[in-house]
Amino acid sequence: MAEKYRQMVLSGKAIEGLEIIDAHNHLGPYFNFPVYRQGSAESMLERADTMGVSKICVSAHAAIGPNMVWGNDEAERAAAYCPERVFAYVGVKPCSEREMLDEIEKRFAAKGFIGLKLHPGLHGVQVADNSYIPAIEYAEKHSLPVLIHTWSHADVSDLDGLSTRFASVPFIIAHMGGAPDVLDHALDVMRRRENVFGDTALSYAPHGSIEYAVKKAGAEKVIFGTDMPFYDPVFTLARVVCADIRESEIEKIVGLNFRGICPLIPR
Amino acid sequence: MTFFDANVCYGGVKTPSQAVDYSLDALLRRMKEYNIEKALVVHSMAREHDAPTGNELLMKEIKGHDCLLPVWVLLPHHTGEMEEPGALTERMVKEGVKAASMLPSLAFHSFSMRRWSVGPLLDALCERRIPLIIGIEQVGGMEGLAQLALENPSLPIIATNVAYRADRFLYPLMEQTKNLYVETSSYKPYFGLQEFVKRFGAERLVFGSGMPAVDPAASAAVVTWSGLALEQQEMIAHGNIERLIGEVR
């Protein structure tokens, strides 16, 4: 364990000496509960500074919810607000192939987008729904990471299948399967599939789970993400930097792994 | 920052996680690592097996560990499993018990938290100023917590497992009560502590780690990286719970 990071957490100081990229964030208000400060990019950077996070990658709540274009507009504005630190996923909603590709192409013609975000749960479809295929083919063609929300065995099985079909696309299993009984399944897919990674975003903080993920899937397959501003990000970073793993493994999780699969993040 | 932890358990559980060490030794080690100088502690046997047996084991096993203060899991007296409320709370105070816990949900100890069932017990706790630590999942969520807090306005209640989605329930409840405190290990809305403190002050938040199930690093960070003034952090980290248990008589 890197004792120095624990001391930084306990003293309330931002983490120093690590490049920390938060690969899983959202943006804006949400229907189900209050998101203070409107979940703005400005407020998220304030939170990032408190912890020592240098870059955040966002997808708008609206884009993974009812309005893909509205949400992606918000994400584009967030990335433009601080281009060195805020990056965006194109939120993809099931729709016609033409509509989907037009939206994706329009966003990547602008600056600040770095990957695709799919939330099948909120869109009422399966992870492997056919309507997503044009988006994943686009990711394949342009070497983009695809972050997919998961919360069930079926989600993880679907993602396992997609990762075989699209072997060059880096897939991130958001929440590493989410529900506690899905974790082992997600870790197994992360271990078996070279192009599958899992992120650390969870609303709770299970003791020892980072160590467990590293042991089962390898540190090179775990990616730091917090789900900010869905909930507070600080406890997830603390869980990672205070984990009982090697410092080199912490470095991979908080930044190096995501850099390895996301070429559009600038140095 | 040093902490006084209001939410700790130890001992084996029915469905253990492979990643967690549930032993007393592990708890003591973790407390040291995270500057947790004192903790209110429950024995898992009192939750998952038999409350009186677990409470008794707790008293035996934590003897000599001054950093651990006992919390008893209580049952209503009607079935004779625990003594009459007045005698029970008298014994609790005599034996140095600093807080009570109840698990009334059907999946746990299965009883009603309404006054027709536990009224005398809650009144006895209130009389002795013994705080009740209770998970909102045990009372059927925020509606159940509201009922409990509003029906028993003088009983100090520390609510655990209040999650990040709760504020639309929690804020009006905090406004209408003076006896409700929120334990922080599950309470993680975005900028949540700052917004809470702005409205209700720092007096009504109480640090808990949630060990062993919850990572203490995460629980500590909720306070130390809250963005609150140091004085407010210290109230949450230890001051508020020290004040509350200091009132036990």
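Only a predicted model underlies this, so the values are computations on that prediction, with no experimental measurement involved.

1. Topic: the packing of aromatic side chains
Counted by the stated rule, this structure contains 17 aromatic pairs over all chains. With a centroid separation of 4.8 Å and 75° between ring planes, the pair formed by tyrosine 190 of chain B and phenylalanine 191 of chain B is classed as edge-to-face. Here tyrosine 190 of chain B matches phenylalanine 191 of chain B in class, with each residue buried. Grouped by ring-pair contacts, the aromatic residues Tyr30, Phe31, Phe33, Phe230, Tyr231 and Phe235 of chain A together with Tyr164 of chain B constitute a single cluster. The ring of tyrosine 34 of chain B carries the charged tip of arginine 6 of chain A above its face, separated from the ring centre by 5.2 Å. Across from the ring centre of phenylalanine 191 of chain B, 5.2 Å away, lies the NZ or CZ of arginine 47 of chain A, which sits over that ring.

2. Considering empty space enclosed by the protein
Evaluated as defined, the whole model comprises 1 cavity of 30 Å³ or more. In this structure, the largest cavity encloses a volume near 60 Å³. As for the largest cavity, its lining consists of Arg47 and Asp232 of chain A together with Tyr187, Lys188, Pro189, Phe191, Gly192, Leu193, Val222 and Ser226 of chain B. Tallied by class, residues from the lining of the largest cavity come to 5 nonpolar, 2 polar and 3 charged.

3. Re the sheet that holds strand β4 (residues 113-118) of chain A
Residues and elements named next belong to chain A. Strand order across the open sheet formed by 8 strands is β1-β2-β3-β4-β5-β6-β7-β8, with parallel pairing between neighbours. The open sheet is flanked by β1 (21-25) and β8 (222-223), the only strands paired with a single partner. Pairing geometry for β4 and strand β5 (residues 146-149), over 3 bridges, is parallel. Bridge assignment links leucine 116 to a residue of β5, and that residue is valine 146. Contacts between helix α7 (residues 133-142) and the sheet are confined to β3 (86-92), β4, β5 and β6 (171-174), with β4 contributing the most and set at about 150° to the helix.

4. Examining the interface of chain A and chain B
Chain A puts 46 residues into the contact, and the matching count from chain B is 33 residues. When chain A packs against chain B, the two sides together hide about 3,400 Å² of surface, and 59% of this comes from carbon and sulfur. Area buried by chain A at its contact with chain B is led by Leu10, Tyr36 and His207 of chain A, which between them contribute 27% of it. Applying the counting criterion to the chain A and chain B interface returns 1 salt bridge. Of the charged contacts, one joins arginine 6 of chain A and glutamate 33 of chain B as a salt bridge, the two residues approaching to 3.4 Å between their closest N and O atoms. For the pair chain A and chain B, the number of links is 19 residue pairs in polar contact (both at pLDDT 80 or more). Listed by contribution, the elements that provide at least two residues to the side of chain A that touches chain B are α1 (3-11), α2 (41-51), α10 (209-217) and α11 (234-241) of chain A.

5. Let's talk about the nonpolar core
A general trend in soluble globular proteins is that nonpolar side chains are found buried together. Grouped together as the largest cluster of nonpolar side chains are 181 residues, with contacts concentrated most on Ile15, Leu116 and Leu237 of chain A together with Leu40, Leu74, Met102 and Met113 of chain B. Residues within four places of leucine 74 of chain B in sequence aside, it is in contact with Met82, Leu88, Met92, Ala100, Ser101, Met102, Phe111, Leu121 and Leu125 of chain B. Counting residues in hydrophobic clusters, the runner-up holds 15 residues, among them Ala23, Ile172, Phe197 and Ile261 of chain A.

6. Structural notes on the side chain of aspartate 5 of chain B
All names here are of chain B. Positionally, aspartate 5 belongs in strand β1 (residues 3-10). Engagement of the side chain of aspartate 5 in a polar contact is seen with the backbone nitrogen of asparagine 7, the distance being 2.9 Å. At 2.4 Å, the side chain of aspartate 5 and the side chain of serine 209 are in polar contact. The residues touching aspartate 5, leaving out its near neighbours within four places in the chain, are Ile36, Lys38, Ala39, Leu40, Phe207, Gly208, Ser209, Gly210 and Met211.

7. Let's talk about the pattern of salt bridges
A complete count under the given rule lists 27 salt bridges over all chains for this structure. Measuring nitrogen to oxygen at the nearest pair gives 2.8 Å for the salt bridge that ties aspartate 232 of chain A to arginine 47 of chain A. Pair noted here: aspartate 232 of chain A is in the loop between β8 and α11 and arginine 47 of chain A is in helix α2, with a separation of 185 residues, a long-range link. A salt bridge links arginine 114 of chain B to glutamate 151 of chain B; its shortest N-O distance comes to 2.5 Å. Of this pair, arginine 114 of chain B sits in the loop between β4 (99-101) and α5 (115-128) while glutamate 151 of chain B sits in helix α6 (residues 142-151); the two residues are 37 residues apart in sequence, bridging distant segments of the chain. Connected through salt bridges with shared partners, the residues Asp73, Glu76, Glu103, Lys106 and Arg107 of chain A form a single ionic network.

Cut-offs applied
- Residues numbered from 1 in each chain as written.
- Chains lettered and ligands numbered in written order.
- Predicted model: local features only at pLDDT ≥ 70, side-chain atom pairs only at ≥ 80, totals over all residues.
- Heavy atoms only, no water.
- Phe/Tyr/Trp six-rings, centres within 6.5 Å; stacked < 30°, edge-to-face > 60°.
- Buried < 20%, exposed > 50% of the residue type's maximum accessible area, 1.4 Å probe, protein only.
- Lys NZ or Arg CZ within 6 Å of the ring centre and 35° of its normal.
- 1 Å grid on protein atoms, 1.4 Å probe; cavity = no way out; pocket = protein on both sides within 12 Å on 5 of 7 lines; lining within 4 Å.
- Points joined across faces, edges and corners; volume = space filled by probe spheres on them.
- Nonpolar A, V, L, I, M, F, W, Y, C, P; charged D, E, K, R; others polar.
- Pairing = 2+ DSSP bridges.
- Helix = DSSP H or I, 4+ residues; strand = E, 2+ residues; numbered from the N terminus.
- Contact = heavy atoms within 4.5 Å.
- Axes fitted to C-alpha atoms, helices over the stretch in contact; angles between N-to-C directions.
- Buried area = accessible area lost by both parts, 1.4 Å probe.
- Salt bridge = Lys/Arg side-chain N within 4 Å of Asp/Glu carboxyl O.
- Polar contact = N/O pair within 3.5 Å; in protein donor to acceptor, adjacent residues only side chain to side chain.
- Core = buried A, V, L, I, M, F, W, Y, C linked by side-chain atoms within 4.5 Å.

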